[in-house]
Amino acid sequence: TEELLFKSDKLSAVGQLAAGVAHEIRNPLTALKGFLQLMRTDNAKEKYYIEIMQKELQRIEFIVNEFLFVSKPQAIHFEVQELDSIVVSTIELLQPQALMNNILIEVELAPELPLVTCDEHQLKQVFINILKNALEAMSGGGTMRIQAFPSEDQKSLCIRFIDHGCGIAPERIPKLGEPFYSTKEKGTGLGLMVCYRIIEAHDGTMKIRSKLGEGTTVEITLPAMQGHSLVSEPYAG
Ligand code: ADP
Ligand code: MG
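This report concerns the structure included in the present document. Note that this is a predicted model, so its numbers are computed, not measured.

## Concerning the site of ligand 1
- In the region of ligand 1, 21 residues are neighbours, and Asn 133, Ala 137, Ser 182, Gly 187 and Gly 191 sit closest.
- Considering each element in turn, the shell around ligand 1 owes the most residues, four residues, to helix H4 (residues 120-137).
- Of the residues assigned to the shell around ligand 1, the class counts are eight nonpolar, eleven polar and two charged.

Here you go:
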């Protein structure tokens, strides 16, 4: 079993440069999208071409946005949240993709999970990216598990995504989280980097364990909110 604990900033000087380029691409992209929307035709073939162009532009936009997200510090709006609802809404979002691939998502949420201070939107992005990777790895279908439980000392909350997909070769594990590192034909190789950034901003950790041909486990730990531990504090007043 190989394990990776993200701890270093992986956006190199080259990455910074690419971020600058990504930013410059945005304006012409907006113009292209706008003019494409104005194009009208009754020719079926041309309609089809326009559709393809729109899809490809959407893809460029997605990559550019994802890259800008990791290269620029994002404003975080911290709020006290229940993690259960964020996990559940993430699963709902990706349930269609799971069903299509014959994947059953089992959820094990410990009762009375501690609250966390987090940016709900950003944390959801992390869960989506990890869950998507798990679904994409399980091309043959099967069951994957998502667990959430408090750490033994009640100081943090762990969320685990366990898949039985293709797994990751040991020599590839150190590459995870590097910008553009992807083994997928249509991958951006930015998903895990986004996750790492967000979790770091939450003072959490993200660990990836994997075995080729057996599956992958991603474990996220987030600091739990004090005073909302599983066992209620004795009243001292
Ligand atoms: P992308 O999904 O666009 O390729 P990511 O940053 O999300 O980019 O993931 C980078 C790479 O890490 C993937 O291309 C894949 O090789 C590997 N990976 C990530 N999660 C998993 C997983 N659950 N199972 C197997 N491989 C994974
Ligand atoms: Mg991904």
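Anyway, onward from the coordinates.
## Quick notes on helix H5 (residues 191-201)
- Buried residues dominate H5, accounting for nine of its eleven residues.
- Those residues of H5 that sit buried are Gly 191, Leu 192, Met 193, Val 194, Cys 195, Tyr 196, Arg 197, Ile 198 and Ile 199.
- Just beyond H5, the residue with positive phi is Asp 203, at close to 60°.

## Remarks on the pairing of strand S5 (residues 142-150)
- Examined bridge by bridge, strand S3 (residues 103-109) and S5 share seven bridges and lie parallel to one another. Opposite Leu 104, over in S5, you have Thr 143 as the bridge partner.
- One ladder, built from six bridges, connects S5 with strand S6 (residues 156-163); its direction is antiparallel. Across the sheet, the residue bridging to Arg 145 is Ile 162, located in S6.
- Hairpin geometry of S5 and S6 is characterised by an intervening segment of five residues between the two adjacent antiparallel strands and by a positive phi of about 65° at Gln 154.

## Thoughts on the packing of helix H3 (residues 83-100) against H4
- Their axes nearest at 9 Å, the elements H3 and H4 cross at an angle of 35°. Where H3 crosses over H4, the handedness of that crossing is right-handed. Taking contact as the criterion, the partners of Ile 86, Val 87, Ser 89, Thr 90, Leu 93, Leu 94, Gln 97 and Ala 98 in H3 are, on H4, Glu 120, Leu 123, Lys 124, Phe 127, Ile 128, Leu 131, Lys 132 and Leu 135.
- Of the residues belonging to the contact of H3 with H4, the class tally is ten nonpolar, three polar and three charged.

## A short note on unusual backbone geometry
- One non-glycine residue with positive phi stands out, namely Glu 112, at about 50°.
- Taking the number of C-beta atoms within 10 Å as the measure of exposure, Glu 112 has 13 and is therefore partly exposed.
- Unusually for a residue other than glycine, Gln 154 sits at a positive phi of about 65°.
- Within the element layout of this structure, Gln 154 appears in the loop between S5 and S6.
- With 14 C-beta atoms packed within 10 Å, Gln 154 lands in the partly exposed category.

Scoring rules and cut-offs
Throughout, a residue's number is its position along its own chain's written sequence, starting from 1. Each chain gets a letter, beginning with A, and each ligand a number, beginning with 1, in the order they are written. Selection of residues for local features in this predicted model requires a pLDDT of at least 70, selection of side-chain atom pairs for listing and counting requires 80 or more, and totals for whole chains, interfaces and linings are taken over all residues. Defining nearness, a residue is near a molecule or strand when the C-beta atom obtained from its backbone falls within 6 Å of it. In DSSP terms, a helix is any run of H or I states spanning at least four residues, a strand is any run of E spanning at least two, and both are numbered starting from the N terminus. Polar here means any residue outside two lists: the nonpolar Ala, Val, Leu, Ile, Met, Phe, Trp, Tyr, Cys and Pro, and the charged Asp, Glu, Lys and Arg; Gly therefore counts as polar. Working definition of burial: number of other C-beta atoms within 10 Å of the residue's own, with buried at 20 or more, exposed at 12 or fewer, and partly exposed in between, all C-beta atoms being placed from the backbone. Strand pairing follows a simple DSSP-based rule, namely that at least 2 bridges must link the two strands. A fitted line through C-alpha atoms serves as each axis, taken over the contacting stretch for helices, and the angle formed by two N-to-C directions is quoted from 0 to 180°. It is the rotation of the near helix from the far one that decides the hand of a crossing: anticlockwise by less than a right angle makes it left-handed, clockwise makes it right-handed. Residues are treated as contacting if the C-beta atoms built from their backbones sit within 7 Å of each other.

Everything listed is a geometric property; what it means functionally is a separate question.
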